[in-house]
Amino acid sequence: MERQADEQRDLQTEVSDHYPKGESLIIGRVAATKQQGNNSREFYFWIEPKTQINPLDLIVVKEGTRKVYAQVLDITSYTDAESFLEIFASTDFGNVGLTGSVDRVAFNVAKAQVLGTSDNVRMPVQFNSPVYLADESAIRELLKVGELEDKYRLPVGYIEQSNGVKVPVYMDVRWLTGPDGAHLNVSGKTRLATKTSYVLFLISAILQTQNDTAVIIFNVKGSDLLQIHEPNRLLASGGNSAMNEDDRRCLRELKEAWECMGLKAKPFDRDKTFYFLPAKKNEPNKINSDLRNLPVNIDEITQQPDNYFVYCYTLQDVRNRLRLLLSSQNPNETQQQFIDALDNNQNSYAWTRNTFEDLCTSLQRHIDDDTTYLNAQSSTIRVVKRFIENVTDYRTTGVFDHRRSTFASGRHKLPSKYIEESLEAGQTLVIDIARINEYEQQWVFGDVLMAVERLMVGGGRPGLRKVVIFVDELNKFAPAGVTSPLIYDIIDITARGGSLGVILFGAEQFASRIHPQVYGNCANKAFGLTDATETGTEPYRVFPREIKDRLSELQRGELIINFDFFGQPLRIKFPPPACRKQEDAG
């Protein structure tokens with residue numbers, strides 16, 4: 001017993017000596033019992049009494065020259081009491097004022113998940129092996145940072161241990177933007193500075209480290225992303241002597257977090273960022289956007305800076321895509337056959353008329369005369385004509401112009417046409433769809449998706465090898481349990497986009513509401529704060545119970561990532577976006 005006490009005292013001395021320096025800390029030893037053994041996936045260890053650690057801290061077990069890397073899943077406190085009744089009786093049957101009580105053996109035991117080994121041998125850790133809090137070198141060894149080529153090294157966040165040690169997390173960009181792996185999905189509660197903020201950080205990291213990638217961002221919330229070429233409030237006021245102490249601290253922490261990953265805290269490049277805003281109905285020179293975070297609080301497109309454009313679709317712009325345009329009307333098989341005939345026959349009215357109004361006028365003649373057209377009866381023609389009028393006239397917010405075929409202003413530009421004609425590596429396009437109808441959002445998203453696919457299938461453009469497309473509220477475009485032409489396109493992109501260089505970054509509140517094929521094709525998944533009701537669904541089945549519990553405890557700026565490159569879930573932190581968002585507009 002005296003020998004054990006001496007060893008424990010020496011261990012405590014070693015911990016107290018090392019802890020302030022942030023070095024590799026011995027925090028306990030591997031434990032196993034007859035009832036609870038250790039296996040190649042998980043193990044238990046008791047924690048030195050003075051040590052404080054957190055769930056999801058990274059640890060290292062050393063067995064000679066062999067190292068086993070793991071993360072703490074959960075921590076449980078034990079005593080030698082047989083029952084709660086025994087504890088109650090030992091306090092004079094519930095005397096809460098009692099200062100003295102029966103001395104008990106009390107200790108903490110942690111459960112850990114194995115992440116990897118230095119020798120790639122998955123033997124269980126051995127009883128009484130020392131357990132250390134991982135330092136920077138151990139974390140870098142676990143993440144195999146030294147094996148990454150510099151040109152493919154992409155920072156995706158940083159790990160912060162209980163003792164304050166911060167270590168940047170790098171991955172091979174080819175596992176995120178192809179061809180080894182592709183696509184990203186981020187889920188979690190809304191308005192908690194997680195999903196969009198993380199994707200903006202990741203996109204900025206890609207643009208700062210890779211020179212072959214362009215980015216397309218869909219703005220789906222107010223005017224949130226309509227000035228990302230401007231710095232956020234803290235960076236914009238960085239040189240202001242009137243900044244209060246809290247702001248100075250936040251600014252310092254923001255810069256330190258970006259710089260620890262080798263990145264600059266800066267907004268998107270103004271000369272390479274372009275914005276596309278929807279037109280107002282019957283007023284094609286006015287924009288249907290939230291003006292709060294625009295450079296000029298005026299809805300005339302000519303009053304905005306020259307990197308802002310307005311978009312509006314005419315009949316010529318939707319040819320060959322009537323199936324997608326009218327899919328929101330749920331046509332039956334007969335009606336769909338007529339729509340396809342209009343779309344595919346280059347002698348049809350859809351190809352020979354100039355406006356949607358002209359097309360409908362021509363169809364009306366067959367309705368009035370009760371004659372067939374393209375093998376369709378007048379009753380079918382009547383329904384399809386009504387579909388076209390609903391989509392392009394009665395219900396449109398201005399995305400479609402029923403009566404015009406051209407626009408006088410040079411500020412009119414379709415995002416899809418810009419992509420096919422002008423998109424270059426390093427550019428960022430922001431397409432506003434926040435205030436338009438859901439069927440219009442689906443049309444614009446699908447039109448852009450197909451334009452990018454056509455560009456990249458054709459070999460792209462010199463210097464442009466990859467296009468990242470980011471859309472929030474992905475559940476609107478690829479919901480579970482639904483089929484549509486757009487969903488088939490999204491599934492196709494996620495299935496083969498990695499080899500084409502067409503990469504989808506999607507975000508939503510609930511991963512369970514995404515089409516399972518779209519979700520399953522994403523090689524990289526990230527999770528913010530998530531309710532227990534959601535963690536019980538299929539997308540979270542791969543996680544142990546303890547990881548699911550941690551998802552309901554995450555703070556702002558924290559995620560659990562499950563990237564194929566790492567093979568195991570990791571908790572990371574990331575800095576706030578350096579660009580201006582709607583909350584910076586005041």
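Residues numbered from 1 in each chain as written. Predicted model: local features only at pLDDT ≥ 70, side-chain atom pairs only at ≥ 80, totals over all residues. Heavy atoms only, no water.

(A) Main features of the packing of helix H14 (residues 438–457) against helix H15 (residues 485–500). Contact geometry of H14 with H15 gives a least axis separation of 11 Å together with a crossing angle of 30°. When the interaxial angle is binned, H14 and H15 end up roughly parallel. Helix-helix and strand crossings are classified by hand; for H14 and H15 the assignment is left-handed. Residues Gln442, Phe445, Gly446, Leu449, Met450, Glu453, Met456 and Val457 of H14 lie in contact with H15, whose contacting residues are Leu486, Asp489, Ile490, Asp492, Ile493, Arg496 and Leu500. Its residues assigned to classes, the contact of H14 with H15 shows 9 nonpolar, 2 polar and 4 charged. (Axes fitted to C-alpha atoms, helices over the stretch in contact; angles between N-to-C directions. Helix = DSSP H or I, 4+ residues; strand = E, 2+ residues; numbered from the N terminus. Parallel < 35°, antiparallel > 145°, perpendicular 65-115°, else oblique. Left-handed = near helix turned anticlockwise from the far one by under 90°. Contact = heavy atoms within 4.5 Å. Nonpolar A, V, L, I, M, F, W, Y, C, P; charged D, E, K, R; others polar.)

(B) Broad picture of the pattern of salt bridges. In this structure the tally under the stated criterion is 38 salt bridges. Of the charged contacts, one joins aspartate 393 and arginine 403 as a salt bridge, the two residues approaching to 3.4 Å between their closest N and O atoms. Here arginine 403 lies in the loop between helix H12 (378–394) and helix H13 (415–422) and aspartate 393 lies in helix H12, a separation of 10 residues in the sequence. A cluster of three or more residues bridged by salt bridges with shared partners is formed by Glu42, Lys111, Arg545, Glu546 and Asp549. (Salt bridge = Lys/Arg side-chain N within 4 Å of Asp/Glu carboxyl O.)

(C) Region of the structure containing the environment of proline 575. Inspection of the secondary structure assignment puts proline 575 in the segment after strand S19 (570–573). Accessibility expressed as a relative area gives 1% for proline 575, which makes it buried. Sequence separation of proline 575 and phenylalanine 201 is 374 residues, and the distance between their C-alpha atoms is 7.4 Å. Residue contacts for proline 575: discarding those within four places in its chain leaves Tyr158, Phe201, Leu254, Ala257, Trp258 and Met261. (Buried < 20%, exposed > 50% of the residue type's maximum accessible area, 1.4 Å probe, protein only.)

(D) The nonpolar core, seen in detail. Judged by nonpolar contacts, the single largest core of 82 residues is most densely connected at Ile216, Phe218, Tyr311, Phe400, Val444 and Phe445. For this core, the leading source of residues is H14, giving 11 residues. With residues near it in sequence (within four places) discarded, phenylalanine 400 still touches Cys312, Tyr313, Val318, Leu325, Phe356, Val391, Thr392, Tyr439, Glu440 and Trp443. With 74 residues, the next largest nonpolar core counts Tyr198, Ile206, Ile561 and Leu570 among its residues. (Core = buried A, V, L, I, M, F, W, Y, C linked by side-chain atoms within 4.5 Å.)

(E) Region of the structure containing the environment of isoleucine 159. As for its placement among the helices and strands, isoleucine 159 is situated in strand S7 (residues 153–160). Residues isoleucine 159 and alanine 138 lie 21 residues apart in sequence; the distance between their C-alpha atoms is 12 Å. When near neighbours in sequence (up to four residues on either side) are disregarded, isoleucine 159 contacts Leu58, Ile139, Leu143, Val165, Lys166, Val167, Val169, Arg571 and Ile572.

(F) Summary view of the packing of aromatic side chains. As enumerated under the stated definition, the model contains 25 aromatic pairs in all. For the pair phenylalanine 445 and phenylalanine 477, a centre-to-centre distance of 4.7 Å together with 35° between the ring planes defines the contact as tilted. Taken together, the residues phenylalanine 445 in helix H14 and phenylalanine 477 in the loop between strand S15 (466–471) and H15 connect sequence positions 32 residues apart. Taken together, the ring pairs connect Tyr311, Tyr313, Phe356, Phe400 and Trp443 into an aromatic cluster. One Lys or Arg, lysine 62, reaches over the ring of tyrosine 132 and ends 4.4 Å from the middle of that ring. A cation sits over an aromatic face here: arginine 174 above tyrosine 152, 3.6 Å from the ring centre. (Phe/Tyr/Trp six-rings, centres within 6.5 Å; stacked < 30°, edge-to-face > 60°. Lys NZ or Arg CZ within 6 Å of the ring centre and 35° of its normal.)

(G) Fine view of the pairing of strand S10 (residues 213–219). Most of S10 sits inside the fold, with 7 of its 7 residues counted as buried. Two strands pair when backbone bridges link them, and S10 and S15 are joined in this way by 6 bridges, in the parallel orientation. Its bridge partner being in S15, alanine 214 is matched across the sheet by valine 467. Strand direction decides the pairing type here: S10 and strand S14 (residues 428–432), joined by 5 bridges, are parallel. Bridging across to S14, valine 215 finds its partner in threonine 428. (Pairing = 2+ DSSP bridges.)

(H) Expanded view of the confidence of the model for the chain. Chain-level pLDDT for the chain is 91 on average; 94% of the residues reach the 70-or-more range. Across the chain, S14 holds the top mean pLDDT of 98, while helix H1 (residues 2–18) sits lowest at 45. Low pLDDT (under 50) marks residues 1–9, which in the prediction has 2 contacts with non-local residues, meaning those over four places away or in another chain. Overall, residues 11–23 carries pLDDT values under 50, and its contacts beyond four positions in sequence, including any with other chains, amount to 22 contacts. (pLDDT = per-residue confidence, 0-100.)

(I) Local environment of the packing of helix H9 (residues 333–344) against H12. Orientation of H9 relative to H12, taken along the N-to-C sense of each, is 70°, at an axis distance of 10 Å. Regarding the angle of H9 to H12, the classification is roughly perpendicular. Listed contacts from H12 to Thr334, Gln335, Phe338, Ile339 and Leu342 of H9 are Thr380, Ile381, Val383, Val384 and Phe387. Looking at the contact of H9 with H12 residue by residue, the classes come out as 7 nonpolar, 3 polar and no charged.

(J) Main features of a nonpolar patch on the surface. On the surface, Tyr78, Val105 and Phe107 cluster together to form a nonpolar patch covering roughly 280 Å² of accessible area. Looking at the secondary structure, you find tyrosine 78 in strand S4 (residues 66–79). Judged by relative accessible area, which is 41%, tyrosine 78 ranks as partly exposed. (Patch = residues over 30% accessible without salt bridge, like charges linked within 9 Å, V, L, I, M, F, W, Y side chains within 5 Å. Areas by Shrake-Rupley, 256 points an atom, 1.4 Å probe, with all protein chains shown as cover.)

(K) Quick peek at helix H3 (residues 136–143). Three or more residues of H3 are buried, namely Ala138, Ile139, Leu142 and Leu143. For H3, the arc enclosing every buried residue in end-on projection is 130°, short of the 170-degree limit, so these residues lie on one face. Phi for lysine 144, located one or two positions after H3, is positive at around 55°. (Arc of directions from axis to C-beta.)

(L) Molecular detail of the sheet that holds strand S3 (residues 58–63). Pairing in this closed barrel of 6 strands is antiparallel, and the strands run S1-S2-S5-S4-S3-S6 around the ring. Each strand of the sheet is rotated relative to its neighbour by a mean of 45°, with strand direction disregarded. Two elements, S3 and S4, share 6 bridges in a ladder whose sense is antiparallel. Paired with glutamate 63 across the strands is arginine 66, a residue of S4. Sitting on the sheet, H3 touches S3, S4 and strand S5 (106–117), and the angle it makes with S4 is about 115°.

(M) Molecular detail of the side chain of arginine 319. With respect to the helices and strands, the residue arginine 319 is situated in the loop between helix H7 (315–318) and helix H8 (322–325). Despite its burial, arginine 319 pairs with no opposite charge, the nearest such side chain being aspartate 343 at 7.8 Å. Look past the residues within four positions of arginine 319 in its chain and what remains in contact with it is Asp343, Ala350, Trp351, Thr352 and Arg353. (Lys, Arg positive; Asp, Glu negative; His and termini not counted.)

(N) Expanded view of unusual backbone geometry. Of the consecutive residues glycine 178 and proline 179, the connecting peptide bond is found in the cis state with omega at 5°. The phi torsion at asparagine 120 lies on the positive side, around 60°, for a residue other than glycine. Here asparagine 120 falls in the exposed class, since its relative accessible area comes to 65%. Phi angles above zero are rare outside glycine, and asparagine 282 is one such case at about 65°.

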